[in-house]
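# Report on the structure
If you want the building blocks of each chain, they are given just below.
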Amino acid sequence: MASRNGEEEKVELGFNDVLHETKSNKDWILLSLRVVAFLATTAATLVMALNKQTKSFVVGTIGNNPITATLSAKFNQTPAFIFFVIANGNASLHNLVMIALDVLGPQYDYKGLRLALIAILDMLTMALASAGDGAATFMSELGRNGNSHARWVKICDKFESYCNRGGGALIASFIGFILLLIITVMSIAKLLKPNRISHAASP
């Protein structure tokens, strides 16, 4: 009988080790996703914030002398792009803080409060990033194709480098958003684990 109990205890210990290993692997996956998302949103923020192009255009002639005007395209001339920079900057800061918390470990768990707060902040950050991406995408489409009904002319045929860099920032931001979506799902799943809830409820 004692031998049988010993075997059951070994099986239970082995099962707990497997669970612990799986949990550690999932934590590493989540941490890696946060690092990549941080890099993507940071790249989007910097590329858009530094996006500027200046060109000279011929606007008229006096005799044989052309009259030129120098115009600049900057991200801060469009409120949607300013919001895009703020949203992605916030996402970068959020992921940086979450990475720091993951590295520090569960010593600041406070019976599950840390996981609940992380899940809520992940959802808020993802929603803000989605809004920023949507606004910037709309303005980018308008700049590339214009709107004949509203008589808004396109500018990407004149500021090609500016539009190309903006497109690159959008691609990086959408990659970051997709990763934020995956991270949010994993954070909620981690919070709702039965063993996590029972552990948080125990004194």
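Rules of the game
- Each chain has its residues counted from 1, following the order in which its sequence is written.
- Selection of residues for local features in this predicted model requires a pLDDT of at least 70, selection of side-chain atom pairs for listing and counting requires 80 or more, and totals for whole chains, interfaces and linings are taken over all residues.
- Hydrogens are left out, water is left out, and the side-chain values use all remaining heavy atoms of the structure.
- Residues belong to a common nonpolar core when they are buried Ala, Val, Leu, Ile, Met, Phe, Trp, Tyr or Cys residues joined through side-chain atoms within 4.5 Å.
- Each residue is assigned to one of three classes by its accessible area relative to the maximum for its type, calculated with a 1.4 Å probe on protein chains only: buried under 20%, partly exposed between the two thresholds, exposed over 50%.
- Numbering of helices and strands runs from the N terminus, with a helix taken as a DSSP run of H or I at least four residues long and a strand as a DSSP run of E at least two residues long.
- By definition in these notes, contact holds between two residues if any of their heavy atoms fall within 4.5 Å.
- The disulfide criterion used throughout: a pair of cysteine sulfur atoms within 2.5 Å.
- Think of pLDDT as the predictor's per-residue confidence, scored from 0 to 100.

In this section: the nonpolar core. In summary, soluble globular proteins display a tendency toward joint burial of nonpolar side chains. Counting residues in hydrophobic clusters, the biggest one holds 15 residues, and the most contacted among them are Met48, Phe75, Phe81, Phe84, Val85, Ala136 and Tyr162. Looking at this core, the elements that each hand over two or more residues are α1 (2-49), α2 (79-104) and α4 (160-191). A total of 5 residues in this core trace back to one element, the largest contributor, which is α4. Setting aside residues no more than four positions away along its own chain, Ala136 makes contact with Ala80, Phe81, Phe84 and Leu170.

All right, on to the state of the cysteines then. In the structure shown here, the tally under the stated rule is 1 disulfide. Through a disulfide, Cys156 is tied to Cys163; the S-S separation comes to 2.0 Å. Note on the Cys156 and Cys163 pair: the S-S dihedral is about -90°, so by sign convention the disulfide is left-handed. Residue Cys156 shares its accessibility class with Cys163, and that shared class is buried.

A few words on the confidence of the model for the protein. Summarising the model, the protein shows a mean pLDDT of 79, and 76% of its residues fall at 70 or more. Counting contacts from residues 195-203, a segment whose pLDDT is below 50, to residues more than four positions away or on other chains yields 11 contacts.

Moving on: the side chain of Asn95. Tracing the sequence through the fold places Asn95 in helix α2. In this structure Asn95 comes out as buried when scored by relative accessible area, which is 0%. Each residue touching Asn95, except ones within four places of it in the same chain, is listed here: Arg34, Ala37, Phe38, Leu180 and Ile183.

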